[in-house]
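Observations on the three-dimensional arrangement
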Amino acid sequence: MASPLENWVDETARLTKPDRVVYCDGSEAEYQRMVGEMLRGGDSVTLNEKTYPNCHLHRSSPNDVARTEHLTFICSATKDAAGPTNNWMDPEGAKNRVGELLDGAMRGRTMYVVPYILGPASSPLSKVGVEATDSPYVVASMRIMSRMGKVATERLGSSSDFVPGLHSLGDLDPLRRYIVHFPEEKLIWSVGSGYGGNALLGKKCFALRIASVMAREQGWMAEHMLILGLESPGGKVTYMGAAFPSACGKTNLAMMVSTLESQGYRVWTVGDDIAWMKIAEDGYLHAINPEAGFFGVAPGTGMKTNPNVMGALTKNTLFTNTAMTASREPWWEGIGDPPPAGLINWKGEPWDSSKGPAAHPNARYTVPANQSPSISPQWEASEGVPISAFIFGGRRARTAPLVYESFDWQHGVFVGATMASETTAAATGDVGVTRRDPMAMLPFCGYNMADYFSHWLAMGKKIPKPPKIFHVNWFRRDADGKFLWPGYGENVRVLKWILERVEGRGAAQETPIGYVPAINGLTLDGLKISDEALRELLRVNPEDWEAEMDDTKDFFTKFGDRLPDAIRQEHEKLARRFQRAVPA
Ligand code: GTP
Ligand code: SPV
Ligand code: MN
């Protein structure tokens, strides 16, 4: 008798009509076959085999270089279930419209069946997905990003407990591109894109949009969070999860080289993008990283900003839309060297400065997690790691101070719910526009965001030892538009203060928005920063916050009666605290 997997594959093949179907085993030989297909396809090249062994550069179609949020849909039974912040299509309509595009889409192509595990192979928190795709680049990427092939097939057996995802490149025309999710059915369909979160269906589509729905049903959390361990003198490691929107510094924080290493503070990486968390017997929320690799932003990454990442990228790495030097090494803006002569840009053309950036601003590397020198010995712990702090953050040129601590869980949920950030190149559309992005989940929550706030509030009541909740902003600017804070490895100074607050120490001053470090609260030795800059970094300006409160009010209005009372109450409390704080 055919297994549920075989049945789904048959049904999928009847729709997409590939010439052949190949079940992937996840072996190295298979990876090399995929690379061979990519090279034959003409969009990929092999990089310098001496300095970058087993590394390749893939160039995606120029109209397909980032997630496309306007083409991403939550197809729940009702529009209300998707909520006002998601695009919605009714499930039947979506099946018809996208089904038409998938019908025969794989003619002349191979359909690869990619079984994968999200999470450590041995963990009870892990889940199985299966992606059917006609893109060898997607197969190769999935092998780096997940536990793929035989290990997943074995875990699945004849069970029907997997999330199916159907992906076809289609004709790569954005007019015929859809990424659709069926949360009731736990099914994903994607057509017309071969890029990142649009096409690697284990990442945003399953591990966040579908998993957030499962998490609410089953009483756990699926979040757009990095997971790191901060080691303090004596060797104790305290784990933290941090949610920043796309291209706002998660990978860099998770993989930082601490500038306080000589004082005994070191950062260990558990995950760089997504956390699945469940209450454990010790009373803590425990987190696993569902992924096995990093799909990280290349521009801005260099030996100065992040030597750990640079160290990880020298072998077995798939680069996407970076530039390439004459000696076939990857190159991007911010790598540390000026653009060398003979540079080839991300489109594969000879580059000169009139052509804009040589690497696409959303150029990425795909690298196995265990290649990072900072990888935590606990990163595959099947029970996950206990989380002591949550950190929300975004890109805010003004308003948000460098760091502040919420008063309690409910206030912390409000802080997360009122997050905002300037948009980045990780998604198509304008860059630098401030938008509300609750918990960095705006593009990734698979259901009504108001219900998601309720889920957070409910979880807080259930976790015996809840994480303390903080907010950070590495991106505050001075009057000349320069960043006030050096960022990257210096961010450990903020992590150290967070750790001290978790441990009931750390000098703080109370403001209407929460506790900020006292002026001598941060460890600043060895850092050149003026008193003026520090004051500006920690300043809570009532005028900015009045505007902020108006904007969040408008945002919350969208949710109508569905918005939890607790959020409304926190909003009122904040307003009251400001009236007291505003000088007469
Ligand atoms: P996604 O993979 O899209 O989810 O992004 P991410 O949140 O992991 O962001 P990442 O760490 O890749 O950083 C995105 C961009 O921000 C890169 O260009 C970084 O160089 C830059 N960046 C990261 N951390 C800092 C920081 O502390 N300060 C400044 N100024 N820039 C930073
Ligand atoms: C993000 O945009 O948050 C990413 C990259 O991590 S992608 O996989 O394209 O979603
Ligand atoms: Mn991300």
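The notes below deal with the structure included here. Keep in mind that this is a model prediction, so the values were computed, not measured. (Residues numbered from 1 in each chain as written. Chains lettered and ligands numbered in written order. Predicted model: local features only at pLDDT ≥ 70, side-chain atom pairs only at ≥ 80, totals over all residues. Heavy atoms only, no water.)

A few words now on the coordination of the manganese ion (ligand 3). Six octahedrally arranged donors around a metal ideally form angles of 90 or 180 degrees; four tetrahedrally arranged donors ideally form angles of 109.5 degrees. With distances of 2.1 to 2.5 Å, the protein atoms coordinating the manganese ion (ligand 3) are Lys204 (NZ), His224 (NE2) and Asp273 (OD). Here the manganese ion (ligand 3) binds six donor atoms, and the angle range of 62 to 170° at the metal identifies the geometry as irregular. (Donors = N, O, S within 2.8 Å, 3.2 Å for Na, K, Ca; no water. Tetrahedral: all angles 85-135°; square planar, octahedral: opposite > 155°, others 65-115°.)

If you walk through the whole model with that rule in mind, you get 33 salt bridges. The salt bridge involving Lys150 is made with Glu154; its shortest N-O contact spans 3.4 Å. With a gap of four residues between them, Lys150 and Glu154 both fall in helix H6 (residues 150–156), about one helical turn apart. As far as burial versus exposure is concerned, Lys150 and Glu154 are alike and both exposed. The salt bridge involving Arg562 is made with Asp451; its shortest N-O contact spans 2.9 Å. With a gap of 111 residues between them, Arg562 in the loop between helix H15 (542–557) and helix H16 (565–581) and Asp451 in helix H12 (residues 449–462) connect regions that are remote in the sequence. When its relative accessible area of 11% is taken as the criterion, Asp451 is described as buried. One salt-bridge network, in which partners are shared between bridges, spans Lys203, Lys204, Lys250, Asp273 and Glu291. (Salt bridge = Lys/Arg side-chain N within 4 Å of Asp/Glu carboxyl O. Helix = DSSP H or I, 4+ residues; strand = E, 2+ residues; numbered from the N terminus. Buried < 20%, exposed > 50% of the residue type's maximum accessible area, 1.4 Å probe, protein only.)

With their axes 10 Å apart at the nearest point, helix H11 (residues 409–417) and H12 run at an angle of 155° to one another. For the element pair H11 / H12, the angle class is roughly antiparallel. The chirality of how H11 crosses H12 is right-handed. In this structure, H11 uses Trp409, Gln410, Val413 and Ala417 to contact H12, whose residues at the interface are Phe453, Trp456, Leu457 and Gly460. Along the lines of polarity and charge, the residues of the contact of H11 with H12 split into six nonpolar, two polar and no charged. (Axes fitted to C-alpha atoms, helices over the stretch in contact; angles between N-to-C directions. Parallel < 35°, antiparallel > 145°, perpendicular 65-115°, else oblique. Left-handed = near helix turned anticlockwise from the far one by under 90°. Contact = heavy atoms within 4.5 Å. Nonpolar A, V, L, I, M, F, W, Y, C, P; charged D, E, K, R; others polar.)

Moving on, we come to the site of ligand 1. Near ligand 1 there are 22 residues, and of these Ala247, Lys250, Asn252, Arg364 and Tyr488 occur at the shortest range. Cys248 has a polar backbone atom sitting 3.3 Å from an oxygen atom of ligand 1. Here an oxygen atom of ligand 1 and a backbone polar atom of Gly249 are 2.8 Å apart. In isolation ligand 1 exposes 660 Å². Once the protein is present, 93% of that is buried. For the shell around ligand 1, the secondary-structure elements that each account for two or more residues are helix H9 (250–254) and strand S18 (293–297). By residue number, the principal contributor to the shell around ligand 1 is H9, which donates three residues. Tallied by class, residues from the shell around ligand 1 come to 10 nonpolar, eight polar and four charged. (Near = heavy atom within 4 Å. Polar contact = N/O pair within 3.5 Å; in protein donor to acceptor, adjacent residues only side chain to side chain. Areas by Shrake-Rupley, 256 points an atom, 1.4 Å probe, with all protein chains shown as cover.)

A few words on the site of ligand 2. Close to ligand 2 lie Arg67, Gly196, Gly197, Lys203, Lys204, His224, Ser246, Asp273, Phe295, Arg364, Ala426 and Phe444. The side chain of Arg67 places a nitrogen or oxygen atom 2.9 Å from an oxygen atom of ligand 2. In the environment of ligand 2, an oxygen atom lies 3.4 Å from a nitrogen or oxygen atom belonging to the side chain of His224. Compared with its free state, where it exposes 280 Å², ligand 2 has 98% of that area covered by protein. Listed by contribution, the elements that provide at least two residues to the shell around ligand 2 are helix H7 (196–199) and helix H8 (202–218).

To continue, consider the packing of aromatic side chains. For the coordinates displayed, the defined rule picks out 27 aromatic pairs. Aromatic side chains Tyr447 and Tyr452 sit 6.2 Å apart centroid to centroid with 70° between the ring planes, which places their arrangement in the edge-to-face category. Of the two residues examined, Tyr447 and Tyr452, each falls in the buried class. Between the NZ or CZ atom of Lys95 and the centre of the ring of Trp189, over which it lies, the distance is 5.8 Å. Sitting over the ring of Tyr515, Arg501 keeps its end group 5.2 Å from the ring centre. (Phe/Tyr/Trp six-rings, centres within 6.5 Å; stacked < 30°, edge-to-face > 60°. Lys NZ or Arg CZ within 6 Å of the ring centre and 35° of its normal.)

On to the sheet that holds strand S22 (residues 364–368). Spatially, the five strands line up as an open sheet ordered S2-S3-S19-S22-S18, and their pairing is mixed. Strands with a single pairing partner mark the edges of an open sheet, and in this sheet they are strand S2 (44–46) and S18. Sheet twist, expressed as the mean angle between neighbouring strand axes with direction ignored, is 20°. Note: strand S3 (residues 56–58) against strand S19 (residues 318–320), three bridges, orientation parallel. Residue pairing in the sheet places His58 in a bridge with Thr320 of S19. With respect to the sheet, helix H2 (residues 28–41) is in contact with S2, S3 and S19, its orientation differing from that of S2 by roughly 120°. (Pairing = 2+ DSSP bridges.)

Moving on, we come to the pairing of strand S13 (residues 226–231). Burial analysis of S13 places five of its six residues in the buried class, which makes it a mostly covered element. For S13 and strand S14 (residues 237–243), the ladder comprises six bridges, and the chain directions are antiparallel. Bridge pairing in S14 links Ile227 to Gly241. Connecting the antiparallel pair S13 and S14 is a turn made up of five residues, with Gly234 showing a positive phi of about 105°. Two elements, S13 and strand S15 (residues 266–271), share five bridges in a ladder whose sense is antiparallel. Bridge pairing in S15 places Leu230 opposite Val267.

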